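Each chain, letter by letter, is given below.
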Amino acid sequence: MDVYAWLLIIVLVIGTVGTFVPMVPGMWLIFAGVLVYGIFDGWSAYSPVFIVVVGLLAVLTSVLDYGGAMIGAKKFGASNMATIGALVGSIVGGLLLNIPGTILGGIAGAVLAEYKRQRSLPHSLRAAAGSLIGTALGSSVQLVVAMVITIYAIFRLKGVA
């Protein structure tokens, strides 16, 4: 393997770790790495179809990462207002503080919106618990997808897959 392949492996590993480390856009780093390497390599290691699939997975896991708070809150009986609060809170928090912000913002958004609607702290906290669980599941899915892409990409570099 040449130096560019080793640089790609480093980028893939950093991207995988970046799915749960604040301020590192993990899936987007993985996508950018395989795209640049594919262009540089003349599409011999990675086909354009593979690059498109990785790009779509980056979009889907990013949506799931932010939308997980909303989905989780809804599953725990939150109102529509609380699910919107969880979504808005996780997006704003994610933009400010990445993963910790996504988690804290989703919880705060769900609690505030549900409390405003129900005036019941226990019900609001249940909505927040759903938001936290949804965010954790979304981040876990993103990590697993990043690991699968990274392993497959490394195998393709070595000519195994």
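What comes next is a walk through the structure. (Residues numbered from 1 in each chain as written. Predicted model: local features only at pLDDT ≥ 70, side-chain atom pairs only at ≥ 80, totals over all residues. Heavy atoms only, no water.)

Details of the overall build of the protein chain
Phase 1 of the analysis: For the protein chain, the helix and strand inventory stands at 5 helices and 0 strands.
Phase 2 of the analysis: Along the chain direction, N to C, the helices and strands of the protein chain fall in the order α-α-α-α-α.
Phase 3 of the analysis: Across its three principal axes, the protein chain shows a C-alpha extent of roughly 60 × 25 × 20 Å.
Phase 4 of the analysis: Considering the protein chain as a whole, with its 161 residues, one finds that 43% of them fall into the buried category.
Phase 5 of the analysis: The long-range share in the protein chain, meaning contacts at least 24 apart out of those at least 6 apart in sequence, stands at 64%.
Phase 6 of the analysis: Accessible surface, the protein chain: about 8400 Å² in total, of which carbon and sulfur atoms supply 78%.
Phase 7 of the analysis: If the 8 positive side-chain charges of the protein chain are averaged to one point and the 4 negative ones to another, these points end up 20 Å apart. (Helix = DSSP H or I, 4+ residues; strand = E, 2+ residues; numbered from the N terminus. Buried < 20%, exposed > 50% of the residue type's maximum accessible area, 1.4 Å probe, protein only. Contact = heavy atoms within 4.5 Å. Areas by Shrake-Rupley, 256 points an atom, 1.4 Å probe, with all protein chains shown as cover. Lys, Arg positive; Asp, Glu negative; His and termini not counted. Charge placed at Lys NZ, Arg CZ, Asp CG, Glu CD.)

Let's talk about the packing of helix α3 (residues 48–75) against helix α4 (residues 80–118)
Phase 1 of the analysis: One can describe the packing of α3 onto α4 by two numbers: an axis separation of 8 Å at closest approach and a directional angle of 140 degrees. As α3 runs across α4, the sense of the crossing is right-handed. Across the interface between the two elements, Asp65, Tyr66, Gly67, Ala69, Met70, Ala73 and Lys74 from α3 touch Asn80, Thr83, Ala86, Leu87, Ser90, Ile91, Gly94, Thr102 and Gly106 from α4.
Phase 2 of the analysis: Taken together, the residues that form the contact of α3 with α4 break down as 7 nonpolar, 7 polar and 2 charged. (Axes fitted to C-alpha atoms, helices over the stretch in contact; angles between N-to-C directions. Left-handed = near helix turned anticlockwise from the far one by under 90°. Nonpolar A, V, L, I, M, F, W, Y, C, P; charged D, E, K, R; others polar.)

Things to note about the nonpolar core
Phase 1 of the analysis: Counting residues in hydrophobic clusters, the biggest one holds 20 residues, and the most contacted among them are Val34, Tyr46, Phe50 and Leu157.
Phase 2 of the analysis: Those elements giving two or more residues to this core turn out to be α1 (3–18), α2 (26–41), α3 and α5 (121–158).
Phase 3 of the analysis: Leave out the neighbours within four places in its chain, and leucine 157 touches Met1, Ala5, Leu8, Ile9, Tyr37, Ala45 and Tyr46.
Phase 4 of the analysis: In terms of nonpolar packing, the next biggest core, distinct from the first, is built from 8 residues, Ala69, Ala78, Ala82 and Ala113 among them. (Core = buried A, V, L, I, M, F, W, Y, C linked by side-chain atoms within 4.5 Å.)

Notes on the packing of aromatic side chains
Phase 1 of the analysis: Counted under the stated rule, the structure contains 6 aromatic pairs.
Phase 2 of the analysis: Centre to centre, the rings of tyrosine 37 and phenylalanine 40 are 6.5 Å apart; their planes meet at 55 degrees, and the pair counts as tilted. Of this pair, tyrosine 37 and phenylalanine 40 both sit in helix α2, 3 residues apart, which is roughly one turn of the helix.
Phase 3 of the analysis: Judged by its relative accessible area of 10%, tyrosine 37 falls in the buried class.
Phase 4 of the analysis: In textbook terms, an aromatic cluster arises when at least three aromatic residues are bridged by ring pairs, as seen for Tyr4, Tyr37, Phe40, Tyr46, Phe50 and Tyr152. (Phe/Tyr/Trp six-rings, centres within 6.5 Å; stacked < 30°, edge-to-face > 60°.)

Re the side chain of glutamate 114
Phase 1 of the analysis: In this structure, glutamate 114 sits in helix α4.
Phase 2 of the analysis: At 2.7 Å, the side chain of glutamate 114 forms a polar contact with the side chain of serine 79.
Phase 3 of the analysis: Leave out the neighbours within four places in its chain, and glutamate 114 touches Ala78, Ser79, Ala82, Arg119, His123, Ser124 and Ala127. (Polar contact = N/O pair within 3.5 Å; in protein donor to acceptor, adjacent residues only side chain to side chain.)

Quick word on the environment of leucine 8
Phase 1 of the analysis: Mapped onto the elements, leucine 8 comes out in helix α1.
Phase 2 of the analysis: Here the alpha-carbon distance between leucine 8 and alanine 153, two residues 145 residues apart in the chain, equals 9.3 Å.
Phase 3 of the analysis: Each residue touching leucine 8, except ones within four places of it in the same chain, is listed here: Gly33, Val34, Tyr37, Tyr46 and Leu157.

What to know about the packing of α1 against α2
Phase 1 of the analysis: Between α1 and α2, the shortest axis-to-axis distance is 7 Å and the interhelical angle comes to 165 degrees. Overall, the two elements α1 and α2 adopt an arrangement that is roughly antiparallel. The two elements α1 and α2 cross, and the hand of that crossing is left-handed. Between α1 and α2, the residues in contact are Tyr4, Ala5, Leu8, Val11, Leu12, Ile14, Gly15, Thr16 and Gly18 and Gly26, Met27, Leu29, Ile30, Gly33, Val34, Tyr37 and Phe40, respectively.
Phase 2 of the analysis: Grouping the amino acids of the contact of α1 with α2 by side-chain chemistry returns 12 nonpolar, 5 polar and no charged. (Parallel < 35°, antiparallel > 145°, perpendicular 65-115°, else oblique.)

What to know about α4
Phase 1 of the analysis: Over its 39 residues, α4 extends only 12 Å from the first C-alpha to the last, a length that falls short of the 57 Å expected when each residue adds 1.5 Å.
Phase 2 of the analysis: Along α4, the helix axis deviates most sharply at leucine 97, where the bend reaches about 155 degrees; the proline proline 100 sits within four residues downstream. (Expected span 1.5 Å × (residues − 1). Bend = angle between axes of the 7 residues up to and from the residue.)

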